[in-house]
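Letter by letter, the chains look like this.
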Amino acid sequence: MSILLFIIVLVVLIVVHELGHFFAAKWAGMRVDEFGIGYPPRALTVAKKGDTEYTLNWLPFGGFVKIYGEDESEEGGAAARSFVSKPRIVQALVLIAGIAMNLVFAWVLLSITLGLGVPRALTAQEAMNAPDAAIMIASVLPGSPAEGAGIQVGDSIVSATVDEQVFSAPDPEAFTAFIAKDTTGEEITLTIERNGEEITVNAIPRQGIAASDPSRYALGVGVGVVGTLAVSPLEAPIEGARITWEVTKQTAVGLWNFFGSIFTLSADLSQVSGPVGIAGAVGTAAGNGFASLLSLTAIISVNLALINLLPVPALDGGRLLFVIIESIIRRPIPKGVAAAVNTAGFAFLLLLMFAITASDLFKLFTT
C-alpha cells in the first residue's frame, strides 16, 4: 500500500511540475507536441487539441511535456514557435515555471491541511479550544534528570504525580511551576505517551538545571503544547504561505549543506532519504490521516522544486544555467559540449540516487 501511495504522490507532483512548463510554454507561444502522464512507451492517446497530444504511457512514474525544438536537435528547431527561437528570458521563465508550480502546489496543500486541522504547536489560547491538546517534549538537556529517566523528544506528558498531587493540564507554564514546587527531593511520576503507548517514568527535579534560574527545581526539558486545531479559511492561506516559506528556507539550507558535504567527502547519507525511505514515510503519514499525507506531500513538493533548481545538467537548474551562459556569451553552447556535460550530470545523479537508495535499504534492514 505504501508503494502504491508513493507512486500516486510522485505522479501527482511530477505532473504538477510539468503543468508549469506546459502552461508557460503555451503562454510563450511555443509549440507543445505532447503532454504525457507516465513515461513511454505510449499506451493511449487521450485527445489531441491543436498541436498537442495528451497521452497515457505505460511507465507510471511521473509525466512529461515535449516542447518543439527544446534541444535544438529537431528538424526545423529554429522555427518561430520552437523553444530555442524564443528570447532567452522567455526560455528561462518556461524552465522556472515547473519549479514555481511545485512551490505553489505546496502552498495550496498546506493551506488545505491547516483548514482541515493537523497536529501542530498551539498557543495557550488555541490549546483551550483543542480537545487533544497535550504537552510535548521539545528538548531534553544532556545530563539532566529527564535524560536519566529516559524521557525523549516527542514524548507527550499525560500526567505528573508527586505526593498524591496530580497535574494533567495542557499548560507548559503550569507544568513548569508544578515541577518547581517539588523541592523535597521526592520522585515525580510521569505518565507519558510514546508511539501510541503510555509508559511511566520517575525523575527527581534538582537545582542548577535551568540556566535562566539556577535556583529553580527542574527536570531539564523544553516543552510546548501540540494539538489538532483547524485554522479559519481566511487565515489558512496566509499561514500556509508562511509555513511554505519556512519549509523552503530550511530545505534550501539542508540541500546546500548536503551537496557541499558531498564535495568535501563528508556527506552523511543517513540524514537523507531516497525512494525507499520516502515510500515508507508516505505510508506512515497516510496511517496518521489524510491531512498528514497532504502535509508530507507538500514537503516533498518543496524538495522536488529545489532539487530541480540545482545547477546540475539533466535538471531544470542545469538547463537554466545553460540559458544564462548562452545569454552571456551571446551564442549557443556547442552541442557536443552540452551533450557531454549532460551525460556527466546524469551519471552523477544516478550514482547519488544509487547511494541514497542503498542507504535507505541498509536502514530498513537494520532497524
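As the structure is a computational prediction, the values presented were derived from the model and not from experiment.

Reading guide: rules and limits
Residues numbered from 1 in each chain as written. Predicted model: local features only at pLDDT ≥ 70, side-chain atom pairs only at ≥ 80, totals over all residues. Heavy atoms only, no water. Helix = DSSP H or I, 4+ residues; strand = E, 2+ residues; numbered from the N terminus. Contact = heavy atoms within 4.5 Å. Salt bridge = Lys/Arg side-chain N within 4 Å of Asp/Glu carboxyl O. Buried < 20%, exposed > 50% of the residue type's maximum accessible area, 1.4 Å probe, protein only. Axes fitted to C-alpha atoms, helices over the stretch in contact; angles between N-to-C directions. Parallel < 35°, antiparallel > 145°, perpendicular 65-115°, else oblique. Left-handed = near helix turned anticlockwise from the far one by under 90°. Nonpolar A, V, L, I, M, F, W, Y, C, P; charged D, E, K, R; others polar.

**Student:** Can you help me understand the environment of Ile 7 in this one?
**Tutor:** With respect to the element layout, Ile 7 can be found in helix α1 (residues 2-27). Through-space distance from the C-alpha of Ile 7 to that of Gly 62 is 8.2 Å; in sequence the pair is 55 residues apart. Beyond its immediate sequence surroundings of up to four residues, Ile 7 is in contact with Pro 60 and Phe 61.

**Student:** Looking at this model, I keep getting lost on the pattern of salt bridges. Mind explaining?
**Tutor:** Pairing between side chains becomes possible if they bear opposite charge and their charged atoms approach one another. On inspection of all chains with the given rule, the structure shows 9 salt bridges. Between Glu 34 and Arg 42 there is a salt bridge, with its nearest N and O atoms 3.2 Å apart. Owing to a relative accessible area of 9%, Glu 34 belongs among the buried residues under this scheme. On the basis of relative accessibility, which here comes to 36%, the residue Arg 42 falls in the partly exposed class. A salt bridge links Glu 239 to Arg 242, with the nearest nitrogen and oxygen atoms 2.5 Å apart. One end of the pair is Glu 239 and the other is Arg 242, both in helix α6 (residues 235-263) and 3 residues apart, which spans about a single turn. Exposure remark for Glu 239: the relative accessible area of 27% places this residue in the partly exposed category.

**Student:** How should I be thinking about the side chain of Asn 308 in this particular structure?
**Tutor:** Relative to the elements of secondary structure, Asn 308 occurs in helix α8 (residues 290-309). Judged by its relative accessible area of 11%, Asn 308 falls in the buried class. Ignoring sequence-local partners within four residues, the contact set of Asn 308 consists of His 17, Ile 99, Leu 315, Asp 316 and Gly 317.

**Student:** What am I meant to see in the environment of Gln 152 here?
**Tutor:** When you line up the elements, Gln 152 lands in the loop between α4 (145-149) and β5 (156-162). We classify Gln 152 as partly exposed; its relative accessible area is 41%. Those residues in contact with Gln 152 that lie beyond four places of it in its chain are Ile 137, Val 140 and Arg 194.

**Student:** What is the right way to read the packing of helix α2 (residues 88-116) against helix α9 (residues 316-329) from this model?
**Tutor:** In a pair of packed helices, the angle between the axes and the distance between the axes together describe the arrangement. Relative to each other, α2 and α9 sit at 165°, their axes nearing to 10 Å. Between α2 and α9, the angle falls in the class roughly antiparallel. In this structure, α2 meets α9 at a crossing whose hand is left-handed. Across the interface between the two elements, Arg 88, Gln 91, Ala 92, Leu 95, Ile 96 and Ile 99 from α2 touch Asp 316, Arg 319, Leu 320, Val 323, Glu 326 and Ser 327 from α9. Considering only residue class, the contact of α2 with α9 consists of 6 nonpolar, 2 polar and 4 charged.

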